[in-house]
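Given next are the chains, with one letter for each unit.
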Amino acid sequence: MRPLNALRCPVVELRQYTLHPGQRDVLIELFDREFVESQEEVGATVLGQFRDLDAPDRFVWLRGFEDMPRRAKALKSFYGGPVWQARRDEANATMIDSDNVLLLRPPSAHGGFPVPVEARPLPGEPSPSPPSLVLATIWYGRDPFDTTFVEFFERRVRPVLAEAGCEPLAYLQSEHAPNTFPALPVRMNEEVFVWFARFVDEGDIDHCLNRLHLSVRWREELLPALSERWARAPQQLRLAPTQRSVLR
């Protein structure tokens, strides 16, 4: 097992932006062209950018950092730097709300996002692999998702998800460290556990979720135990990667 400090991006932001109608592709074109390398040059990692298939005016993206102090340094450098300063009005004009942000961390050495196997395509360059879809499932807890829950997920839940075709690509939980860059709000007062899986297409997602529903172990053992922990119904995000997303 690799040590926790060897994880790729021990701090992750899951960012959901609500945009003005018809502006999502405008923001994506600008983001993919201007805001990927300019963030990574100052110490952030752009893990993935997506269109939400069920919300035409929602843009979702993931950003990672090595730790909270380096998060503060990277964000200060980017948002105070020349690229954002030159393009911020153009970007902000597409947005209604950009404050829907969950601050997350891998709960164990197994939970972080893997290193991509392919290089990020250049702007306008086709991806070397066919596009896929990503399903992000957010569980909202009544209480913190503690070590006992993480062990339960890894030993009992994850194998059943894998049998149904929903093998988690990564899984994360709430990070409650103080927000080291207060200029960007995060949702600090929630307990969440988020897992991500990759699929070929929408039919593949539906097929997997149907197999999961038909699983006796899922229906009779795992779902009741999970439901007892939930503060509200889970949220599922069906996400289509943009042309320059390395998570695809």
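Because the structure is a prediction, the values reported are computed rather than measured.

### Remarks on the pairing of strand β6 (residues 170-174)
Phase 1: When you tally the buried positions in β6, you get five out of five residues, the bulk of the element.
Phase 2: Alignment of strand β4 (residues 95-105) against β6, held across two bridges, turns out to be antiparallel. Bridge assignment links leucine 104 to a residue of β6, and that residue is serine 174.
Phase 3: Sheet topology note: the β6/strand β7 (residues 192-199) ladder contains four bridges and is antiparallel. Residue glutamine 173 lies in a different strand from β7, and its bridge partner there is phenylalanine 193.

### Some thoughts on the nonpolar core
Within soluble globular proteins, side chains that are nonpolar tend to cluster in buried spots.
Phase 1: Tyr17, Leu27, Phe31, Phe35, Phe59, Tyr79 and Ala91 are the most contacted members of the largest nonpolar core, which totals 27 residues.
Phase 2: Going through the elements one at a time, β1 (11-19), α1 (24-34), β3 (58-65), α3 (68-79), α4 (82-92) and β4 are the ones with two or more residues in this core.
Phase 3: No other element matches the five residues that α3 contributes to this core.
Phase 4: Residues Leu161, Tyr171, Phe193 and Phe199 belong to the second largest nonpolar core, which totals 26 residues.

### What to know about the state of the cysteines
Phase 1: This structure, assessed with the given rule, holds one disulfide.
Phase 2: Covalently, cysteine 166 is tied to cysteine 208 through a disulfide, its sulfur atoms 1.5 Å apart. Placement of cysteine 166 in the loop between α5 (147-163) and β6 and of cysteine 208 in helix α6 (residues 202-214) is noted, with a sequence separation of 42 residues between them. Across the pair, cysteine 208 and cysteine 166 agree in class, each one buried.

### Focus on the sheet that holds β3
Phase 1: Here we have eight strands rolled up into a closed barrel, ordered β1-β3-β2-β8-β5-β7-β6-β4, and antiparallel in their pairing. Neighbour-to-neighbour, the strand axes of this sheet turn through a mean angle of 35°, independent of strand direction.
Phase 2: With six bridges connecting them, strand β2 (residues 45-52) and β3 associate as antiparallel partners. The residue of β3 that forms the bridge with glycine 48 is leucine 62.
Phase 3: Packed onto the sheet, α3 meets β1, β3 and β4 and runs at close to 125° relative to β3.
Phase 4: Against the sheet, α6 makes contact with β5 (133-141), β7 and β8 (230-241), and its axis sits at roughly 40° relative to β5, the strand it touches most.

### What about the pattern of salt bridges?
Phase 1: Here the structure, examined in full by the defined rule, presents 20 salt bridges.
Phase 2: Its salt-bridge partner being glutamate 90, residue arginine 87 comes within 3.1 Å of it at the nearest N-O pair. Of this pair, arginine 87 and glutamate 90 are both found in helix α4, three residues apart, which corresponds to roughly one turn of the helix.
Phase 3: On the basis of relative accessibility, which here comes to 27%, the residue arginine 87 falls in the partly exposed class.
Phase 4: The closest approach of N and O atoms between glutamate 202 and arginine 238, which form a salt bridge, is 3.1 Å. On the criterion of sequence distance, the pair formed by glutamate 202 in helix α6 and arginine 238 in strand β8 is long-range, its members being 36 residues apart.
Phase 5: Residue classification places glutamate 202 among the partly exposed positions, given a relative accessible area of 39%.

### Remarks on the packing of α1 against α4
Phase 1: Between α1 and α4, whose axes approach to 11 Å, the crossing angle comes to 170°. By the angle class used here, α1 and α4 are roughly antiparallel. Facing Leu27, Leu30, Arg33 and Glu34 of α1, the residues of α4 in contact are Val83, Arg87, Glu90 and Ala91.
Phase 2: Of the residues assigned to the contact of α1 with α4, the class counts are four nonpolar, no polar and four charged.

### Here's the deal with α1
Phase 1: Taken as a whole, α1 has its buried residues at Arg24, Leu27, Ile28, Leu30, Phe31, Asp32 and Glu34.
Phase 2: In this structure, the buried residues of α1 make contact with β1, α2 (37-40), β2, β3, α4 and β4.

### What about the side chain of aspartate 52?
Phase 1: Position of aspartate 52 relative to the elements: it lies in strand β2.
Phase 2: If we skip the residues at most four places from it in the chain, aspartate 52 touches Arg24, Arg58, Val60, Leu237, Arg238 and Leu239.

### A word on α3
Phase 1: Look at α3: 16 Å from first C-alpha to last across 12 residues, which is about the 16 Å you get at 1.5 Å a residue.
Phase 2: Of the residues making up α3, those classed as buried are Met68, Arg71, Ala72, Ala74, Leu75, Phe78 and Tyr79.
Phase 3: Packed against the buried residues of α3 are β1, α2, β3, α4 and β4.
Phase 4: The opening residue of α3, the one whose side-chain oxygen lies 2.8 Å from the backbone nitrogen of arginine 70, is aspartate 67.

Calculation rules
For every chain, the first residue of its written sequence is number 1, and the numbers climb from 1 along that sequence. Per-residue local features of the predicted model are confined to residues with pLDDT of at least 70, and side-chain atom pairs are confined, for both listing and counting, to 80 or more; whole-chain, interface and lining totals are unaffected and use all residues. In computing side-chain values, all of the structure's heavy atoms are included and hydrogens and water are not. Think of it in three bands: with a 1.4 Å probe and only protein chains considered, a residue is buried below 20% of the maximum accessible area for its type, exposed above 50%, and partly exposed in between. Secondary structure follows DSSP: runs of H or I at least 4 residues long count as helices, runs of E at least 2 residues long count as strands, and numbering of each begins at the N terminus. Two strands pair under a simple rule: DSSP has to find at least two bridges between them. As used in this record, nonpolar core signifies buried Ala, Val, Leu, Ile, Met, Phe, Trp, Tyr and Cys residues forming a set joined through side-chain atoms within 4.5 Å. Our working definition of a disulfide is a cysteine sulfur pair at a distance within 2.5 Å. Orientation is described by axes fitted as lines to C-alpha atoms, over the contacting stretch for helices, and by angles from 0 to 180 degrees between their N-to-C directions. In this analysis, two residues are considered to be in contact whenever any of their non-hydrogen atoms come within 4.5 Å of each other. A carboxyl oxygen of Asp or Glu within 4 Å of a side-chain nitrogen of Lys or Arg is what we treat as a salt bridge. Put simply, angles under 35 degrees are roughly parallel, angles over 145 are roughly antiparallel, angles from 65 to 115 are roughly perpendicular, and the rest are oblique. When residues are grouped by polarity, Ala, Val, Leu, Ile, Met, Phe, Trp, Tyr, Cys and Pro land in nonpolar, Asp, Glu, Lys and Arg in charged, and all others, Gly among them, in polar. In this scheme, a helix's expected span is set at 1.5 Å multiplied by one less than its residue total. In protein, a polar contact requires one atom able to donate a hydrogen and another able to accept it; more generally it is a pair of N or O atoms within 3.5 Å, and residues adjacent in sequence count only if both atoms are side-chain atoms.

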